[in-house]
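Structure assessment
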Amino acid sequence: MITGNKGEWSEIYALFKLIGDKKLHPGDSKIKKIQNIVYPILKILRTEVNGNFEYSIEDDLVVISGNEEVFRIAISEFKTKASYLLAKIKVNQGTFSVPEIQQFMQSINCLSLKASSSAKTDITIIVHDQRTELQPSLGFSIKSQLGNPSTLLNAGETTNFIYKIVGVNLSDTDISQINNISSRSKIKDRITEIISKNGKFEFIKTQRTVFSNNLILIDSFLPQILSSVLFQFYSSTLSDTESLVKITEEKNPLGFDTSDKHLFYSYKIKRFLTDIALGMMPSKVWTGQYDATGGYLIVKADGEILCYHVYNKNEFENYLLANTKLETASSTRHGFGELYEESGQLYFKLNLQIRFK
């Protein structure tokens, strides 16, 4: 019996739906279909535990090949199964099975909900680009709005930013009082209390050197820019990335020459989000080499599927900026949000975690 959650079943739904539609639609930053652009699907490639399989679309038939076995199934079968599976995903919670779909999966050599862990992509699609007449092979990670929003950047001590507290002398009693604030918005309230005593937050560095160097590789100003965006998040009511970047752009903490209306902060944050989406991890040295997953397939709540890919770089970057937000992870688990002293100097850590809306 195959069981999975909404997100895991969404991967199978995407396979069925794309074969049934026979085409791929790019999306814009508002997760709406870009009109007048469509990519006819030629093949879908999937790595299973028992081998690699091709789903080739020929008129109204799907030719399934792999391990020397070739057979054909009508496109209409995939359309029917996609509709049935979508209905089941919508009404079920937690982990569940769909026996009718499982039988169909086995008949087409689809033996698991997720592609093999050895594969770098959830799904690979070969399309016909009618603008260039090319047939690129595009790798995608599948993100589903049918389940809980996934994280883009996971929290950890690796994503802590360290700030020095300057302009104020706090007693041990003051420090204890501030650290003992335990309200629902305790991090923000502790920051507010420090500022009320004329304390200022001065960014020093990220907690881990590898993360800092990864950021510098993308852009030499990125650690400072992210520290400003992060502090804005923890000291205001804003959380969505686009609004935080806009405020940072207006404040211009790094003093860029904006007389010609250059959007320095937006451009650099987009590059950061793209690199995170396509392979950069805070704990590992980043070479700038994207993995085989060049983009995302978004399974919308109504079942529509849209694609974002570095093949269409601008749309992909705009999507990431407009559809992510910062959130507060566990301060206890990741060791941030308290005043601490080192060599007579007070410091305060803030943590960066980014999630899709």
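Here, every reference points to the structure presented above.
One structure accompanies this document, and this report is about it. (Residues numbered from 1 in each chain as written. Predicted model: local features only at pLDDT ≥ 70, side-chain atom pairs only at ≥ 80, totals over all residues. Heavy atoms only, no water.)

**Section: empty space enclosed by the protein**
Applying the stated rule across the entire model yields 1 cavity of 30 Å³ or more. Roughly 60 Å³ of volume is contained in the largest cavity. Lining the largest cavity, in full, are L226, V229, L230, T241, I269, F272, L273, L326, L352 and I354. For the lining of the largest cavity, the secondary structure elements donating two or more residues are α7 (222–234) and α9 (264–277). (1 Å grid on protein atoms, 1.4 Å probe; cavity = no way out; pocket = protein on both sides within 12 Å on 5 of 7 lines; lining within 4 Å. Points joined across faces, edges and corners; volume = space filled by probe spheres on them. Helix = DSSP H or I, 4+ residues; strand = E, 2+ residues; numbered from the N terminus.)

**Structural notes on the sheet that holds strand β16 (residues 354–356)**
Read across the sheet, 3 strands follow the order β8-β16-β13 without closing on themselves; strand pairing throughout is antiparallel. Of all strands in the sheet, those bounded by a partner on one side alone are β8 (151–153) and β13 (324–326). Neighbouring strand axes in the sheet, compared pairwise and without regard to direction, differ in orientation by 35° on average. Where β8 and β16 come together, 2 bridges link them in antiparallel fashion. The partner of L153 across the bridge, within β16, is I354. Together, β8, β13 and β16 form the strand contacts of α9, whose direction differs from that of β8 by roughly 110°. (Pairing = 2+ DSSP bridges. Axes fitted to C-alpha atoms, helices over the stretch in contact; angles between N-to-C directions. Contact = heavy atoms within 4.5 Å.)

**Considerations on helix α10 (residues 313–322)**
Every buried residue of α10 is listed here: F316, E317, Y319, L320, L321 and A322. Those residues of α10 that are buried lie in contact with α8 (241–251), α9, β11 (295–299), β12 (305–309), β13 and β16. (Buried < 20%, exposed > 50% of the residue type's maximum accessible area, 1.4 Å probe, protein only.)

**Side note on the sheet that holds strand β9 (residues 160–166)**
The 4 strands are arranged β10-β9-β15-β14 in an open sheet whose pairing can be described as antiparallel. A single partner strand is all that each edge strand has here, and the edge strands are β10 (200–206) and β14 (339–342). Strand-to-strand twist across the sheet, computed as the mean angle between neighbouring axes with direction ignored, equals 40°. Examined bridge by bridge, β9 and strand β15 (residues 345–351) share 5 bridges and lie antiparallel to one another.

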